Amino acid sequence: MSELSKFIKNLVRQNYQSKIVQIGKEIAEDFLSGYWNEAYYNMPDNGEFYLIESAQKYFGSKNIIAFDVGANHGEWTRFLKNKFPNSSIYCFEILPETFSILEKNLGQEAGVTLINIGLSDRDREIEVTSYLYGDTCNSIQPLPRDWESTTVICSVKSGNQYCQENQINQIDFLKIDTEGHELSVLKGFNELLQAGKITLIQFEYGLTYIPPRITLGDVYHLLAPYGYSIGRLYPTGVKFKPYNLFEDENFRMGNYVAIHQSADRLLDQIKL
């Protein structure tokens, strides 16, 4: 630690309640939020559309198979379908009310299959917290929000089982946004993951991992042995890196990307 660093830290500690220090804290928090591309859900600018466009360059004219797990109202699927018009996209939305909106938005879209179940590590019935004013935070293991909500019993199934039942042996693009249930969803695809049959994965990470008591490290430890490179998504690429507990386990909301080693050209194309 440099002398300047020590001086600044001691100055801040000793003047913790001063207005200037509080303003500095807010500026520093904004800086770090931007640095981590944190909780920025505007898909055209947060890197999600960039990732889809990069996948378009990689897959070319191939008719890809994609899974949108936690499809919500279908915004991600709509953009993917625009870039891959002949693709087959399977949209999973667990809650009936949200699913009805998804049906209105994408029910007539050719090549899009809408499924009113969730995906998990095994087949079962499960409780889902549904918030009455806004459905983007509905969750199987929700954060302790002081919001009006109801509990709905829903069905979940493993990705392995769904793929076996529907003769799907390869997934080109798997997107998971399940408010903390991401690891369970990935575990449900373990057979395809082990066989290297899922090329590109996008999954969310952040505070939602706290209620189920999982970590980003758990996801790394699942995927890395199967030959996946993993990194955080930014507006213009992905910062692939090995997992580091002290640097990476910050629970800052954002998207991560995992690419199988068989798609090394895609990895080279989007890495920062």
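Residues numbered from 1 in each chain as written. Predicted model: local features only at pLDDT ≥ 70, side-chain atom pairs only at ≥ 80, totals over all residues. Heavy atoms only, no water.

Visitor: What am I meant to see in the packing of helix H4 (residues 48-59) against helix H5 (residues 75-83) here?
Guide: Any two packed helices are characterised by how steeply their axes cross, that is the angle between the axes, and by the distance between the axes. Contact geometry of H4 with H5 gives a least axis separation of 10 Å together with a crossing angle of 30 degrees. As summarised for this structure, H4 and H5 are arranged roughly parallel, according to the angle between their axes. Pair H4 / H5 crosses with right-handed handedness. Residues Glu48, Phe49, Ile52, Glu53 and Gln56 of H4 pack against Trp76, Phe79, Leu80 and Lys83 of H5. In terms of residue class, the contact of H4 with H5 is built from five nonpolar, one polar and three charged. (Axes fitted to C-alpha atoms, helices over the stretch in contact; angles between N-to-C directions. Helix = DSSP H or I, 4+ residues; strand = E, 2+ residues; numbered from the N terminus. Parallel < 35°, antiparallel > 145°, perpendicular 65-115°, else oblique. Left-handed = near helix turned anticlockwise from the far one by under 90°. Contact = heavy atoms within 4.5 Å. Nonpolar A, V, L, I, M, F, W, Y, C, P; charged D, E, K, R; others polar.)

Visitor: Is there a simple way to think about the domain arrangement of the chain in this case?
Guide: Accessible area lost upon the coming together of the parts is a frequently used measure of interface size. In terms of domains, the chain is made up of domain 1 (1-36) and domain 2 (42-120 + 158-270). Domain 1 and domain 2 are separated by 36 Å when their C-alpha centres are compared. Contacts between the two partners involve four residues from domain 1 and, on the opposite side, six residues from domain 2. If you sort the residues of domain 1 by the area they bury against domain 2, Leu32, Tyr35 and Trp36 come out on top, with a joint share of 94%. At the junction of domain 1 and domain 2, the tally comes to zero salt bridges. Scanning the region where domain 1 abuts domain 2 turns up two residue pairs in polar contact (both at pLDDT 80 or more). (Domains from an automatic or database assignment. Buried area = accessible area lost by both parts, 1.4 Å probe. Salt bridge = Lys/Arg side-chain N within 4 Å of Asp/Glu carboxyl O. Polar contact = N/O pair within 3.5 Å; in protein donor to acceptor, adjacent residues only side chain to side chain.)

Visitor: Sorry, what's going on with the pattern of salt bridges here?
Guide: Opposite charge on two side chains lets them pair, provided their charged atoms get close. Counted under the stated rule, the structure contains 13 salt bridges. Between lysine 157 and glutamate 165 there is a salt bridge, with its nearest N and O atoms 2.8 Å apart. When the shortest N-O distance is used, the salt bridge between lysine 241 and aspartate 248 registers 2.8 Å. For the pair lysine 241 and aspartate 248, one class covers both residues: buried. One connected set of salt bridges, linked through shared partners, spans Lys239, Lys241, Glu247 and Asp248. (Buried < 20%, exposed > 50% of the residue type's maximum accessible area, 1.4 Å probe, protein only.)

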